[in-house]
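Here is what each chain is made of, one letter per residue.
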Amino acid sequence: MGPKGRCSEPVRVVLPGDKVLQLDSDDCAKEIFLGPGLRRHENIVYATRSGLLRKTAQNIYYIDNYQRRYDPLKGQFVVGIIYKKKGDNYIIDIGGSEYATLSPLCFENAPKKSRKDMRPGDLVFGQLLVAEKDMEPEMVCIDVCSDSVGICSLPDNGLLFTVPLHVTRGILHPQNTLLKKISNLVECTLVVGSNGRVVVTAEEQRHMLAIMNCIKMLEVMTEQEAEENLLRYFNNMFLL
């Protein structure tokens, strides 16, 4: 989902079984889209989980809550782990209930002679091209113009860790400044997937561990509280 799609506003807190929307002809004309945590029965939309109901500028409704199990959604960018190779395709663990598939042809400039042979355990950053209820997810590492645009296999020297899904949604928000403040303190590269996985690469291992701990602050703190503790944490770690 693009930057505009990630901008959302809170509506209210809901519980499973709560009536969220009453759809009518006017709502259909506005093209309302239902995201995770919502289910439609006839003309009524109900909540299937507890959390904060949010709405984006594109009329996408979803429930934001504490969740670690990833529900694949078409168009999202995820960090996957190579599980095995099956035929010419790779089987990818994306943290969901099913594995995803990735064709070696879905990379930029990927003729057979120059393909990168990936092994089990390697990390890859890609976009979900297919994510339907009754179909296994399918990943690609190119856009519609066959360009990589930054999605590719990831280097081996990075540190992979997982956080709840609401944390990655927060740091991917265009108005979130925590990652920018971290990059001002330590030179690093961060890859954030919508499936709750983050890969950080820096010159020293202690820097990567410090960045991981700073991001994990968001599990128990607000963004403002995490930013207030950021500089103090780095000073206590003698990293500056």
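Preceding block: the structure.
All of these numbers come straight from a predicted model, not from anything done at the bench. Every chain begins its residue count from 1, and numbering advances along the sequence as written. Only residues with pLDDT of at least 70 get local features here, since the model is predicted, and only at 80 or more are side-chain atom pairs given and counted; chain-wide, interface and lining totals rely on the full set of residues. The side-chain quantities take in all heavy atoms of the structure and omit both hydrogens and water.

A. Geometry of the sheet that holds strand β2 (residues 19-22). On the basis of which strands lie adjacent, the open sheet formed by 3 strands has the order β2-β5-β4 and antiparallel pairing. Pairing within the sheet leaves two strands with one partner each, and these edge strands are β2 and β4 (38-41). For this sheet the average axis-to-axis angle between neighbouring strands, irrespective of direction, equals 25°. Pairing between two strands is assigned when DSSP locates at least 2 bridges connecting them. A run of DSSP states H or I qualifies as a helix once it reaches four residues; a run of E qualifies as a strand once it reaches two. Both are numbered from the N-terminal end. For β4 and strand β5 (residues 44-47), the ladder comprises 4 bridges, and the chain directions are antiparallel. Angles run from 0 to 180 degrees between N-to-C directions of axes, and those axes are lines fitted to C-alpha atoms, restricted for helices to the stretch in contact.

B. Looking closely at the packing of helix α4 (residues 178-185) against helix α6 (residues 223-236). Two numbers describe how α4 lies on α6: the axes approach to 10 Å, and their chain directions differ by 10°. By the angle between their directions, the pair α4 and α6 is classed as roughly parallel. Contact residues: Leu178, Lys181, Ile182 and Leu185 in α4; Glu223, Ala226, Glu227, Leu230, Leu231 and Phe234 in α6. Polar here means any residue other than Ala, Val, Leu, Ile, Met, Phe, Trp, Tyr, Cys and Pro, which are nonpolar, and Asp, Glu, Lys and Arg, which are charged; Gly is therefore polar. Along the lines of polarity and charge, the residues of the contact of α4 with α6 split into 7 nonpolar, no polar and 3 charged. Here the word oblique covers every angle except those under 35 degrees (roughly parallel), over 145 (roughly antiparallel) and from 65 to 115 (roughly perpendicular). Between two residues, a contact is recorded if the distance between any of their heavy atoms is within 4.5 Å.

C. Main features of the layout of surface pockets. The distinction between a cavity and a pocket rests on a 1 Å grid over the protein atoms alone: a 1.4 Å probe fits inside a cavity but cannot get out, while a pocket stays open yet meets protein on both sides within 12 Å along at least five of seven lines, and a residue with an atom within 4 Å of a point counts as lining. Grid points are joined across faces, edges and corners, and a volume is the space filled by probe spheres set on the points. Empty space within the largest pocket amounts to approximately 970 Å³. Forming the walls of the largest pocket are 42 residues, and the residues nearest its centre are Arg169, Gly170, Ile171, Leu172 and His173. Those elements that place two or more of their residues in the lining of the largest pocket are α1 (3-6), β6 (51-56), β7 (60-64), α3 (165-171) and β14 (188-192). Tallying contributions element by element places α3 first for the lining of the largest pocket, with 6 residues. In terms of residue class, the lining of the largest pocket is built from 20 nonpolar, 13 polar and 9 charged. By volume, the second largest pocket is sized at about 700 Å³. As for the second largest pocket, its lining consists of 22 residues, and the residues nearest its centre are Asp71, Pro72, Ala131, Glu132 and Lys133.

D. Structural context of the pairing of β14. Looking at chain direction, β14 and strand β15 (residues 197-202) are connected through 5 bridges and run antiparallel. Across the sheet, the residue bridging to Thr189 is Thr201, located in β15. Taken together, β14 and the strand that follows it, β15, pair antiparallel across an intervening segment of 4 residues, in which Gly196 is found at a positive phi of about 85°.

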